[in-house]
Amino acid sequence: MKPDDCYKMNGPTVKFYTYLQCSLRLVITVLFCGISSTLVAEEIRFPEELTRFQPYASNPIFEAQGPGHWDVKIRERGWILKEGDFYHLWFTGYDGTREGIKKLGYAWSCDGIHWTRSPCNPIYQQHWVEDMMVIKHGETYHMFAEGKDDIAQHLTSTDAVNWTRVGALDVRMSDGKPIAAGPYGTPVVWYEKGTWYLFYERRDAGIWLATSPDMKVWTNINNDQPVMLPGPESYDQKMIAMNQLIKYQGTYYMIFHGTDAAQKPSLWTTNIAASKNMIDWVKYSGNPLTRPEVNQSSGLLIPDANRFRFYTMHNQVDLNLPVVP
């Protein structure tokens, strides 16, 4: 394939080859083998399938290609989206320097462990893209990511590969005035019963929640106050940021990372909290899920039959497998 051919390759063509690859691997495998305003702490459970994991023996399962490539390093937060038995992976690659433009890469997998990079990488480099998450609504993939200067932005795609930037997110105070100037990043978006929910952090000093009927204007709720603050435990005493929201057995679970910033560079842990209403959160008493010394952040829980896999996404992709049978 010539370099220019990548930009002529459309989404259906990419999907044809990715699904063909999945089908071949499957053949080989067969051959050879209600929102309430009140939170009652007693209602909150942290089931073992969301909290007990062990590292995969062959970590990392995905990492930067290194010097001589467009992705000398990769950055937080990459995103994995599972559709049926097919896994999408979006990640941020850059030249390894702080000022180097952050570009969007894509890879696919049939098992969530072995990944094939798109021949079109980087698939988007017109604007700075990092710390992304993706939600599919109808036939459209919506990406919410940080842009330059940690400003949250929105991109869309119909094929997971070709992306169009919508623009920076318009976030307002509860009185309709724009939020104060400055970074607002690590966006996490959730859709439920006709309402879009946006979680975002400001300088890792707390997590705020805003809502929107149409993703055009987001308005803070909770009296413009954060729904989660750092601490009081040491693992997230100084800074926190939300990575993912899932709903499991009627309860919302937040995956977030935190640090006590006791040393430079900061060592981050990945953690879990739970809520019945997305506003009042209880942190798991068994946090952190990852040890500070391994510095694994940007965690994601990905369904695996009736269990979950636990991935961390910075600065490489590591997999943790469920301990619960």
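See the structure printed just above.
As the structure is a prediction and not an experimental result, all values here were calculated from the model. (Residues numbered from 1 in each chain as written. Predicted model: local features only at pLDDT ≥ 70, side-chain atom pairs only at ≥ 80, totals over all residues. Heavy atoms only, no water.)

Asker: Can you help me understand the overall build of the chain in this one?
Answerer: Helix and strand counts for the chain come out as two helices and 21 strands. Classification of the 325 residues of the chain by burial places 52% in the buried group. Accessible surface, the chain: about 15200 Å² in total, of which carbon and sulfur atoms supply 52%. (Helix = DSSP H or I, 4+ residues; strand = E, 2+ residues; numbered from the N terminus. Buried < 20%, exposed > 50% of the residue type's maximum accessible area, 1.4 Å probe, protein only. Areas by Shrake-Rupley, 256 points an atom, 1.4 Å probe, with all protein chains shown as cover.)

Asker: So what exactly am I meant to see when it comes to the sheet that holds strand 14 (residues 217–220) here?
Answerer: Across a sheet, paired strands are connected by hydrogen bonds in the backbone, their directions being either parallel or antiparallel. The mixed open sheet is built from five strands, whose spatial order is 10-14-13-12-11. Only two strands of the sheet have a single neighbouring strand rather than two, namely strand 10 (170–172) and strand 11 (185–192). The sheet shows a mean angle of 30° between the axes of neighbouring strands, taken without regard to direction. For strand 13 (residues 207–212) and strand 14, the ladder comprises two bridges, and the chain directions are antiparallel. Paired with Thr211 across the bridge in strand 14 is Thr219. (Pairing = 2+ DSSP bridges. Axes fitted to C-alpha atoms, helices over the stretch in contact; angles between N-to-C directions.)

Asker: Please explain the sheet that holds strand 16 (residues 251–259) as it appears in this structure.
Answerer: Strand order in the open sheet formed by four strands is 15-16-17-18, with antiparallel pairing between adjacent strands. Each edge of the open sheet carries a strand with a single partner, namely strand 15 (239–248) and strand 18 (282–283). In terms of strand pairing, strand 15 meets strand 16 through nine bridges, oriented antiparallel. Bridge pairing links Gln244 to Ile255 in strand 16.

Asker: In this structure, what is going on with the packing of aromatic side chains? I would like to understand it.
Answerer: One pair of aromatic rings is described through two measures. These are the centre distance and the angle between the planes. Inspection of the entire model under this criterion finds 17 aromatic pairs. Pairing Trp190 with Tyr252 gives two aromatic rings, centres 6.2 Å apart and planes at 85°, and the pair type is edge-to-face. Taken together, the residues Trp190 in strand 11 and Tyr252 in strand 16 connect sequence positions 62 residues apart. By relative accessible area, which is 1% here, Tyr252 ends up buried. (Phe/Tyr/Trp six-rings, centres within 6.5 Å; stacked < 30°, edge-to-face > 60°.)

Asker: Please explain the environment of Val282 as it appears in this structure.
Answerer: Along the chain, the position of Val282 falls in strand 18. The spacing of Val282 and Phe46 is 236 residues in sequence and 10.0 Å in space, taken between C-alpha atoms.

Asker: What's the story with the pattern of salt bridges in this structure? I'm lost.
Answerer: Here the structure, examined in full by the defined rule, presents 12 salt bridges. The shortest N-O distance in the salt bridge between Arg172 and Asp170 comes to 2.6 Å. Looking at Asp170, the relative accessible area reads 26%, which means it is partly exposed. In this structure, a network of salt bridges that share partners links the residues Arg75, Glu76 and Glu130. (Salt bridge = Lys/Arg side-chain N within 4 Å of Asp/Glu carboxyl O.)

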